[in-house]
Amino acid sequence: MARPGARSGRARLGLLAAVPVGICAVAAWALGRDERAPRAHAPAAGEVASCEELSPAARRGKRIYQRGATEDGRAIEGAIVGGAAALSGREAACAGCHGPSGQGTTEGGVTAPPLAAELRLGASGERGGGAGQGRGAGEGAMTAAALVTAIREGRGPAGQWLSPVMPRYHLAEADLSDLVDYLGCVGRDLDPGVTAGSVALGAALPLTGPEAPVGAAARDVLMAAFAEVNARGGLYRRRLELRVEDSAGPAGDAGATARLLDRGVLALVGSAFDGDPALRARLSEERAPLVGPLALAGAPGLVGGAPVAVAPGLAGGAPGRARDVARGGAAGADDVVFQVLPGPDVLARVAVKHLAGASATAGALALVVHTRDRAGEAWASGAREEAAHRDLPAPPALSFEPGRLSPRDVAGAARAHGARAVLFWGPGADLASARAALDDAGSAAPIYASLGSLAGSAGALSRELAGRVLFVYPGSLGERERASEEALHAFLRRAGVAPGPLGIQASAYVAAQIAIEALKRAGAHATREGLIAALERLRDFDAGPAPPVTFARNRRTGVLGASLLWMDPTSDTTVRASEWIEVVP
């Protein structure tokens, strides 16, 4: 039941194997590959209603089907016949091969048949014409007992061995019973926020307090983007609805997100998120995807020649380590936060890669200066990681409390380590102080920093930092930037959205477009797992004012690269200092 992978082989399937015997023959009829097959019929109205709210057993079975884990956290286990590969947890989940809605999949020329009840049971003859209708003699009925035999022993209804790529699962009787209960509803159950006529999406945004204009700007763009879809008839005859909770309250982002999850939303889109591990864990536990998070702190804008404040969920990424995603740890395949542009760790990796390209030993001679917080630690971690990737010594680091940097400490550390460059993460005022101290000490070392350092204070700072600081910027530049800006302005005018912080509006627009595209690709049966799977299949998707976005099973950052810019002190605009620099996930 897992997706084919390196350990299990390209041809391995799940619960049903694509061979012309036993259960798989039933699936072939359901797919219309046998002229004798009865047409799959829709379930009766009562059956649909019974699946909209799953029984406790079916809910437990759904967790096994989609996540490969029981309700109490035990990973299900299985093995390919002959011991060719052992499977555990999500790798063994039925949904990996048969699809989140039991629709069946094809990969590498091998088909995993559908498990949706109206296809599986209709073809087997359990309803309508009776057992055996449309099948050859002796093949047996597709009963619950036959499913249990297939799952545990790899045998078809009449005792035939299924394909050797069909895993044999080691499940307790109670777990098997739960899974079979859910298989009776797969493809017909409704996830939170989904009704016959609507899909509810949520956003935690500041609607009160000093950041209320920012939250209102994001909310208005999200609503306008969904309204355009609804004006064209919605998605699969469902309207998109936006539910918003105020993140400016005492419980902050986490409290607002919890209220949205309690109200019932399929996913979060353009929602405030600062990278808090506890909130990430809550989203992961409920498998509620967050698309295009807005970390409402200063970062460079995506449009226009001058920096503008924009959410790092698009322009800088919520603080976190992209490498953890690639390793499949806490932020790996179980992570459901799909950010657009990279966070501090990736930006630091870009800086080290550029520096290493200038000198074979440059990475060992860089001093990392960063704030003593989650974002600053991610910046330092990314610098160390890229240095290690290039077999360079870990760069020394100097941390400080925001607003309390000692410029003389920076100059002294740079001199002590013989630093040929400084990688700086922190507020623009501290960056300017560090630059002045280095000048006074006679150091000509270039300084690398995120363009977000200038957010909200470009004018005077740009003149102080011009000619010395290389700004790392992960947004579009040149003609693409201009075209994206024009398209965004046209959308805002068309939708009647009032002018606001353009970077935030761009972030919300991109988040909405990615979510809409993923919902289209997920199909008519809207589920959280289906949406996650659709997001993982996005490749080079053009969402507007951002570079093309790519996600994958172990990649939750859409863009993994940046360009370097100089600041022009005469015009407060930026000048390209490098081509696009990509880093490896």
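Residues numbered from 1 in each chain as written. Predicted model: local features only at pLDDT ≥ 70, side-chain atom pairs only at ≥ 80, totals over all residues. Heavy atoms only, no water.

Now for the side chain of Arg555. Relative to the assigned elements, Arg555 resides in the loop between α20 (528-536) and β16 (561-568). For the buried Arg555, which has no salt bridge, the nearest side chain bearing the opposite charge is Glu582, at an N-O separation of 4.6 Å. A polar atom in the side chain of Arg555 sits 3.0 Å from the backbone oxygen of Thr550. Within polar-contact distance, the side chain of Arg555 engages the backbone oxygen of Thr557 at 2.9 Å. (Helix = DSSP H or I, 4+ residues; strand = E, 2+ residues; numbered from the N terminus. Buried < 20%, exposed > 50% of the residue type's maximum accessible area, 1.4 Å probe, protein only. Lys, Arg positive; Asp, Glu negative; His and termini not counted. Salt bridge = Lys/Arg side-chain N within 4 Å of Asp/Glu carboxyl O. Polar contact = N/O pair within 3.5 Å; in protein donor to acceptor, adjacent residues only side chain to side chain.)

For the structure shown, the criterion picks out 25 salt bridges. Here Asp191 ties to Lys62 by a salt bridge, and the two come within 2.4 Å at their closest N and O atoms. Of this pair, Asp191 sits in the loop between α7 (173-183) and β6 (198-205) while Lys62 sits in helix α3 (residues 56-67), placing them 129 residues apart in sequence. The residue Arg494 makes a salt bridge to Glu228 at a minimum N-O spacing of 2.7 Å. Taken together, the residues Arg494 in helix α18 (residues 478-495) and Glu228 in helix α8 (residues 212-231) connect sequence positions 266 residues apart. The exposed category is assigned to Arg494, whose relative accessible area is 54%. Counted as one network, the salt bridges with shared partners bring together Arg349, Glu385, Glu386 and Arg390.

To continue, consider the sheet that holds strand β2 (residues 86-88). Taken in spatial order, the three strands make up an open sheet running β2-β1-β5, and their pairing is antiparallel. At either end of the open sheet lies a strand with only one pairing partner, and these are β2 and β5 (168-170). Adjacent strand axes in the sheet meet at a mean angle of 25° when their direction is disregarded. The pairing of strand β1 (residues 77-79) with β5 spans three bridges and is classified as antiparallel. Bridge pairing in β5 links Gly78 to Tyr169. (Pairing = 2+ DSSP bridges. Axes fitted to C-alpha atoms, helices over the stretch in contact; angles between N-to-C directions.)

Here we take up the pairing of strand β15 (residues 469-473). A large share of β15 lies buried, amounting to five of its five residues. Relative to β15, strand β14 (residues 447-450) is paired through four bridges, and the arrangement is parallel. Bridging from a neighbouring strand, Ile447 pairs with Val469 of β15. With three bridges joining them, β15 and β16 adopt antiparallel strand pairing. Pairing of Tyr473 across the sheet is with Ser563, part of β16.

Here we come to the state of the cysteines. Per the counting criterion, the structure on display carries one disulfide. With a sulfur-sulfur separation of 2.0 Å, Cys51 is cross-linked through a disulfide to Cys185. Here the S-S torsion is close to -75°, and the disulfide linking Cys51 with Cys185 is therefore left-handed. With Cys51 in helix α2 (residues 45-52) and Cys185 in the loop between α7 and β6, this pair connects stretches of sequence that are 134 residues apart. Residue class for Cys185 comes out buried when judged on its relative accessible area of 10%. (Disulfide = S-S within 2.5 Å.)

On to the environment of Leu242. Within the secondary structure, Leu242 sits in strand β7 (residues 239-246). In the structure, Leu242 is positioned 41 residues away from Leu201 in sequence and 5.1 Å away in space, judged by C-alpha atoms. Beyond its immediate sequence surroundings of up to four residues, Leu242 is in contact with Leu201, Gly202, Ala203, Arg219, Leu222, Met223 and Phe226. (Contact = heavy atoms within 4.5 Å.)

Once that is clear, we can look at unusual backbone geometry. A positive phi angle, near 65°, is found at Arg237, a position not held by glycine. With respect to the helices, strands and loops of the structure, Arg237 is situated in the loop between α8 and β7.

Let's shift gears to the packing of α8 against α18. Between α8 and α18, the least distance of the axes is 10 Å, while the angle of their chain directions is 80°. The orientation of α8 relative to α18 falls into the category roughly perpendicular. Where α8 abuts α18, its residues Val221, Ala224, Ala225 and Glu228 lie against Phe491, Leu492, Arg494 and Ala495. In terms of residue class, the contact of α8 with α18 is built from six nonpolar, no polar and two charged. (Parallel < 35°, antiparallel > 145°, perpendicular 65-115°, else oblique. Nonpolar A, V, L, I, M, F, W, Y, C, P; charged D, E, K, R; others polar.)

Looking now at the sheet that holds strand β8 (residues 267-269). Strand order in the open sheet formed by five strands is β7-β6-β8-β9-β10, and the pairing between neighbours is parallel. A strand with exactly one partner marks an edge of an open sheet, and here the two such strands are β7 and β10 (337-338). Two elements, β6 and β8, share two bridges in a ladder whose sense is parallel. Note that in β8 the partner of Leu201 across the bridge is Ala267.

Bringing the confidence of the model for the protein into the picture now. Taken as a whole, the protein shows an average pLDDT of 79; of its residues, 76% reach a score of 70 or greater. Segment residues 1-46: pLDDT under 50, and 132 contacts once partners within four positions in sequence are set aside and those in other chains are kept. With pLDDT under 50 throughout, residues 121-141 is counted as low confidence; its partners more than four residues away or in other chains account for 49 contacts. (pLDDT = per-residue confidence, 0-100.)

Core analysis: the largest hydrophobic core is formed by 66 residues, its most contacted members being Leu201, Leu240, Leu266, Leu283, Phe491, Ile514 and Leu535. Here the element with the most residues in this core is helix α19 (residues 502-522); it accounts for 13 residues. Ignoring anything within four residues of it in the chain, the contact list for Ile514 reads Val291, Val340, Leu535, Leu538, Phe541, Ala543, Val549 and Phe551. Within the second largest apolar cluster, 25 residues are counted, among which are Phe400, Ala419, Ala432 and Ala434. (Core = buried A, V, L, I, M, F, W, Y, C linked by side-chain atoms within 4.5 Å.)

For the rest of this paragraph, the subject is the pairing of β16. Among the eight residues in β16, six count as buried, and that is most of the element. The sheet contact formed by β16 and strand β18 (residues 581-582) spans two bridges and is antiparallel. What sits directly across from Ala562, in β18, is Ile581. Pairing of β16 with strand β17 (residues 573-576) involves four bridges; the strand directions are antiparallel. Directly across from Met567, in β17, lies its bridge partner Thr574.

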